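So you can see what is in the structure, the chains are spelled out below.
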Amino acid sequence: MTNIRNIVILTGAGVSAESGIDTFRTAGGLWERYKPEDVATPEAFARDPDLVLAFYDMRRAAIREKQPNLAHEALARLDAEWPGELLIVTQNVDDLHERAGARRVLHMHGQHHTAWCTACDSRPAWSGPLIHRPPCPECGEAALRPDVVWFGEMPYRMEEIAAALHEADLFVSIGTSGAVYPAAGFVRNARELGAATLELNLEPSQGSRWFDEARHGPASEIVPAWVDEMLALA
Ligand code: OAD
């Protein structure tokens, strides 16, 4: 891979799997134990807010105890040392990319370390539970919800992602099943716009055929190896 300057990296639950955070669609994943329509839609929140808040409180608490793994660390190293443009677009709501030291991270499905006040539209830093309806630190209303994107809602910062894909020479997808749009469509956007495409995943994803190259194995092994290759080119 020569003549690469601008890189867009899409990450999914697989990059955090070896940190002990549940994936969604693999055997034993979250969507085997919970139905997305019960816990991850605006309709579910309107129907049974306690169930939805308890689900996200449980996930927020679980994430707090986990640590970045070798894949997050390698991506943080690439972010620090890569001389061109680089953007890590993550579908993950954990903060393990940031805790590993990555700076150029965009959370397209939201994040667990902020809450969203539906009364004043602020997004205060948050680490505790929401089930007891705490007041918003900005406006005092008990109107905080998880700052995550639910099915049927628009992912965050799509214009920035589109602009980065436009400039990308290389698009890399790491640890995502390719089942959820619009993220699953980024590989085709990137190809149409002329970028090289690479998949790094435990197994072929649903979108594997769209990539120029695919490497399969645990993220903690294949991501550091790829980062070493990239930094040798830089
Ligand atoms: P999935 O659970 O759908 O897919 C995780 C992918 O990671 C699978 O393809 C696994 O094979 C792979 N994987 C598992 N362990 C791995 C490892 N150690 N190393 C490398 N790869 C590994 O998760 P996502 O694709 O992230 O959205 O799911 C996308 C979205 O669907 C999520 O952001 C969430 C979910 O519903 C919302 O909640 C809106």
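By convention here, each chain's residues receive numbers from 1 onward along its written sequence. Owing to the predicted nature of the model, reporting of local features is limited to residues with pLDDT of at least 70; listing and counting of side-chain atom pairs is limited to 80 or more, with chain, interface and lining totals taken over all residues. Only hydrogens and water are removed before side-chain values are computed, so all heavy atoms of the structure are retained for them.

**Looking at the pairing of strand β7 (residues 196–201)**
Working note: regular strand, side chains alternate between the two faces of the sheet.
Next, step 1: The buried label goes to any residue with under 20% of its type's maximum accessible area, the exposed label to any with over 50%, and the partly exposed label to all in between, with areas taken from a 1.4 Å probe on protein chains only. Comment: elements are numbered from the N terminus, with helices defined as DSSP H or I runs of at least four residues and strands as E runs of at least two. Within β7, five of the six residues are buried, which leaves it mostly tucked inside the rest of the structure.
Next, step 2: The pairing of strand β6 (residues 170–174) with β7 spans five bridges and is parallel. Residue pairing for β7: L170 is matched across the bridge by A196.
Next, step 3: Crossovers are marked right-handed if the path from the first strand over the helix to the second runs clockwise, as seen with the strands pointing away from the viewer. For the crossover that starts at β6, traverses helix α8 (residues 186–192) and ends in the parallel β7, the hand is right-handed. Two strands are said to pair when DSSP picks up at least two bridges between them.

**Examining the site of the ligand**
Next, step 1: The full set close to the ligand counts 24 residues, and F24, R25, T176, S177 and E203 are the nearest of them.
Next, step 2: Pairing of N or O atoms within 3.5 Å defines a polar contact, subject to two protein rules: one partner must be a possible hydrogen donor and the other a possible acceptor, and residues neighboring in sequence count only if both atoms are side-chain atoms. Between the ligand and the protein, one listed contact pairs an oxygen atom with a side-chain N or O atom of W31 at 2.9 Å.
Next, step 3: A distance of 2.7 Å separates an oxygen atom of the ligand from a polar side-chain atom of E203.
Next, step 4: Residue polarity follows a fixed list, in which Ala, Val, Leu, Ile, Met, Phe, Trp, Tyr, Cys and Pro are nonpolar, Asp, Glu, Lys and Arg are charged, and the others, Gly among them, are polar. The residue makeup of the shell around the ligand, split by class, is ten nonpolar, eleven polar and three charged.
Next, step 5: The domain boundaries here were taken from an automatic or database domain assignment. Both domains that furnish three or more residues to the shell around the ligand are identified here as domain 1 (1–20 + 68–109 + 155–234) and domain 2 (22–65 + 112–148). Put simply, a residue is near a molecule or strand once any heavy atom of it comes within 4 Å of that molecule or strand.

**Overview of the domain arrangement of the protein chain**
By a widespread convention, an interface's size corresponds to the accessible area lost as its parts come together.
Next, step 1: Domain annotation for the protein chain reports domain 1 (1–20 + 68–109 + 155–234) and domain 2 (22–65 + 112–148).
Next, step 2: If you average the C-alpha positions of domain 1 and of domain 2, the two centres end up 25 Å apart.
Next, step 3: For this analysis, residues touch if any pair of their heavy atoms sits within 4.5 Å. Listed per partner, the contact involves 16 residues of domain 1 and 14 residues of domain 2.
Next, step 4: For the domain 1 and domain 2 pair, buried surface summed over both sides reaches about 1000 Å², with 58% attributable to carbon and sulfur atoms.
Next, step 5: Broken down residue by residue, the surface that domain 1 buries against domain 2 is led by A13, V93 and Y156, which jointly contribute 43%.
Next, step 6: By definition, a salt bridge exists where a carboxyl oxygen of Asp or Glu is found within 4 Å of a side-chain nitrogen of Lys or Arg. Counting every contact that joins domain 1 to domain 2 gives zero salt bridges.
Next, step 7: Connecting domain 1 to domain 2 are four residue pairs in polar contact (both at pLDDT 80 or more).
Next, step 8: Broken down by class, the residue content of the side of domain 1 that touches domain 2 amounts to six nonpolar, five polar and five charged. The term buried area denotes the loss of accessible surface (1.4 Å probe radius) that occurs when two parts are joined, taken as the sum for both partners.

**Thoughts on the pattern of salt bridges**
Next, step 1: Under the definition given, this model contains 13 salt bridges.
Next, step 2: The partner of D22 in a salt bridge is R33, with the nearest N and O atoms 2.9 Å apart. Taken together, the residues span a long stretch of sequence, with D22 in the loop between β1 (7–11) and α1 (30–33) and R33 in helix α1 at a distance of eleven residues.
Next, step 3: You can call D22 partly exposed: its relative accessible area is 35%.
Next, step 4: With relative accessibility at 49%, the residue R33 sits in the partly exposed group.
Next, step 5: Its salt-bridge partner being R215, residue E213 comes within 2.8 Å of it at the nearest N-O pair.
Next, step 6: Its relative accessible area of 29% is what places E213 among the partly exposed residues.
Next, step 7: Members of the salt-bridge network, linked through shared partners, are D121, R123 and D147.

**A short note on the packing of aromatic side chains**
Next, step 1: Only rings of Phe, Tyr and Trp enter the pairing, Trp through its six-membered ring, and a pair is recorded when the two centres are within 6.5 Å. The plane angle decides the type: under 30 degrees is stacked, over 60 is edge-to-face, the rest tilted. Under the counting rule described, the total for this entry stands at eight aromatic pairs.
Next, step 2: Taking the centre distance of 6.2 Å and the plane angle of 20 degrees together, the rings of W31 and F55 count as stacked. On the criterion of sequence distance, the pair formed by W31 in helix α1 and F55 in helix α4 (residues 49–64) is long-range, its members being 24 residues apart.
Next, step 3: Centroid distance Y56 to W150: 6.2 Å. Interplanar angle 50 degrees. Geometry classified as tilted. Highlighted residues: Y56 in helix α4 and W150 in the loop between β5 (144–148) and α7 (158–167), separated in sequence by 94 residues.
Next, step 4: A relative accessible area of 6% places Y56 in the buried class.
Next, step 5: The exposure class assigned to W150 is buried, which follows from its relative accessible area of 2%.
Next, step 6: An aromatic cluster is built from F24, W31, Y34, F45, F55, Y56, W150 and F151, whose rings are joined through pairwise contacts.
Next, step 7: Counting as a charge over the ring demands two things of the Lys NZ or Arg CZ atom: a distance within 6 Å of the ring centre and an angle within 35 degrees of the ring normal. It is R123 that lies over the ring of W116; its NZ or CZ is 4.6 Å from the centre.
Next, step 8: Positioned above the aromatic ring of W150, the side-chain terminus of R145 is 3.7 Å from the ring centre.

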